[in-house]
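Secondary and tertiary structure notes
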Amino acid sequence: MIRKTAAALLLMAGLLQPAAAQQTVTRQQVDDRKAVIATVEPVRELPARARIGGTITALAVREGDQVAAGDRIALVVDPKLALQVQALESRIQAQSAAREQAQIDLNRIEQLRTSGTVSQAQLDQARTRLNVAERTFLALRSDREVVEQQSTEGAVLAPAAGRVLKVPVSVGSVVLPGEAIATLATDNYILRLQLPERHARFMKAGDTILVGARGLQQQDQETLRRGRVRLVYPQIDQGRVIADAEVDGLGDFFVGERTRVYVATGKRDALVVPADLVYRRYGVSYVKLKDGTEVVIQLGLPVDGGIEVLSGLNEGDVVVRP
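These numbers come from a predicted model, not from an experiment.

Here we come to the packing of aromatic side chains. The tally for this structure, following the rule as stated, stands at 1 aromatic pair. Between Tyr279 and Tyr286, the aromatic rings sit 5.8 Å apart at their centres with planes inclined by 15 degrees, giving stacked as the arrangement. Classification of Tyr286 by relative accessible area gives buried; the value is 16%. Sitting over the ring of Phe137, Arg99 keeps its end group 4.1 Å from the ring centre. Here Arg281 stacks its cationic end above the ring of Tyr286, 4.6 Å away from the centre of that ring.

What follows is about the sheet that holds strand β7 (residues 155-157). An order of β7-β6-β4-β9 is seen for the 4 strands of this open sheet, with the pairing classed as antiparallel. What marks the edges here is a single partner per strand, and that holds for β7 and β9 (174-175). Strand direction decides the pairing type here: strand β6 (residues 72-77) and β7, joined by 3 bridges, are antiparallel. When the bridges of β7 are listed, Leu75 appears paired with Ala155.

Here we come to the nonpolar core. Ranked by size, the top nonpolar core spans 24 residues in total, and within it Ile56, Ile73, Val76, Val156, Val164, Val175 and Ile181 carry the most contacts. Where this core is concerned, the elements lending two or more residues are β6, α2 (79-114), α3 (120-152) and β10 (180-186). Non-local contacts of Ile56, meaning those with residues more than four positions away in its chain, are made with Ala74, Leu75, Val76, Val169, Ser170, Val171, Gly172, Ser173, Val175 and Ile181. Core analysis: the second largest hydrophobic core is formed by 20 residues, Tyr189, Leu193, Ile209 and Ala243 among them.

What follows deals with the sheet that holds strand β8 (residues 162-166). The pairing of strands in a sheet happens through backbone hydrogen bonds and is either parallel or antiparallel. Within the open sheet, the 4 strands sit side by side as β3-β10-β8-β5. Their pairing is antiparallel. If you trace the sheet from one side to the other, it starts and ends with β3 (45-49) and β5 (66-67), each paired once. For β3 and β10, the ladder comprises 5 bridges, and the chain directions are antiparallel. When the bridges of β10 are listed, Pro47 appears paired with Thr183.

Looking now at the environment of Ser285. With respect to the helices and strands, the residue Ser285 is situated in strand β17 (residues 284-289). Along the chain, Ser285 and Gly212 lie 73 residues apart, while their C-alpha atoms are 19 Å from each other.

Where β5 lies against β8, 2 bridges are found, and the strand directions are antiparallel. Its bridge partner lying in β8, Val67 is registered against Gly162. Where β8 meets β10, 4 bridges bridge the pair, whose relative direction is antiparallel. Paired with Arg163 across the strands is Ala185, a residue of β10.

How each quantity is defined
- Here, residues in each chain are numbered from 1, in the same order as that chain's written sequence.
- Side-chain atom pairs in this predicted model are given and counted only at pLDDT of 80 or more, local residue features only at pLDDT of at least 70, and totals for whole chains, interfaces and linings cover all residues.
- Processing note: side-chain calculations cover all non-hydrogen atoms of the structure and skip hydrogens and water entirely.
- Any two rings among Phe, Tyr and Trp, with Trp reduced to its six-membered ring, count as a pair given centres within 6.5 Å; such a pair is stacked if its planes are under 30 degrees apart, edge-to-face if over 60, and tilted if neither.
- Partly exposed describes any residue whose relative accessible area lies between the buried limit of under 20% and the exposed limit of over 50%, with all areas from a 1.4 Å probe on protein chains only and scaled to the type maximum.
- Criterion for a charge above a ring: Lys NZ or Arg CZ within 6 Å of the ring centre, and within 35 degrees of the ring normal.
- Two strands form a pair only when DSSP identifies at least two bridges running between them.
- Runs of H or I in DSSP of at least four residues are treated as helices and runs of E of at least two as strands, each being numbered from the N terminus.
- In this text, buried Ala, Val, Leu, Ile, Met, Phe, Trp, Tyr and Cys residues form a nonpolar core when linked through side-chain atoms within 4.5 Å.
- When checking whether two residues touch, look at their non-hydrogen atoms; a contact exists if any pair is within 4.5 Å.

Here it is as structure tokens:
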């Protein structure tokens, strides 16, 4: 107990240092990564189409807006549909009166038939006239419901959640059934890579890629995100291998925006140190050797087991935690 207390006092006084983590710099096989330019693309582009023809009376979105599935994008109105409803309503009223009259005639003939005043043929004709009047009335009501349903289909709805890319129409535009009112990019984006043909044999689905910061200019000590190749297209296009990669956090990118990506094109030897043994001061990277010397190093890309050291260290150097 006394020994432990003394050790603790020495440690607090700075006379006894704790055992520092250390790592011997070794040369190991790492992925030979090349920088390529990738383009942000939506997994799908979906058009929001007009279901009826007419004039656009309201437009609720513009380029860049986020929409949810089922949101109303525009309203298309066809004045002819209202006129058709009015015409059908008038015909329904007239046919309703004809049906009522046919029912009255049938009731009268049935009474006369019991007394033998009219023939059976006349009774059958009255029943037939009533049946025709009834079916004509029901058919007109069905026609009216169809036109009313067409009127409600004037609302153009978003087919899925995403971002509005194009709105090629404006309020007052005349559109036809099936015409695209807006084009949406679904929320899930991918990175489309294009690599030289000589790298085709190295690319395969499931490979890990490193995505740089937004923009095409390389930054010092930028934070790299990891992604995964989901599909390598089997056709070479103009000397380029095309591949799609999944990366989290692309929702705030612009469709068509380009960014730098590092892809593996083979293996090579490199010096690797754990990332937690590297520290920075005034924008310069350092490591501390076992003998207490601070060494300025130049770092490469993150690799399995740490980070690549391009210069400043030799194989066999022992690096300790600062």
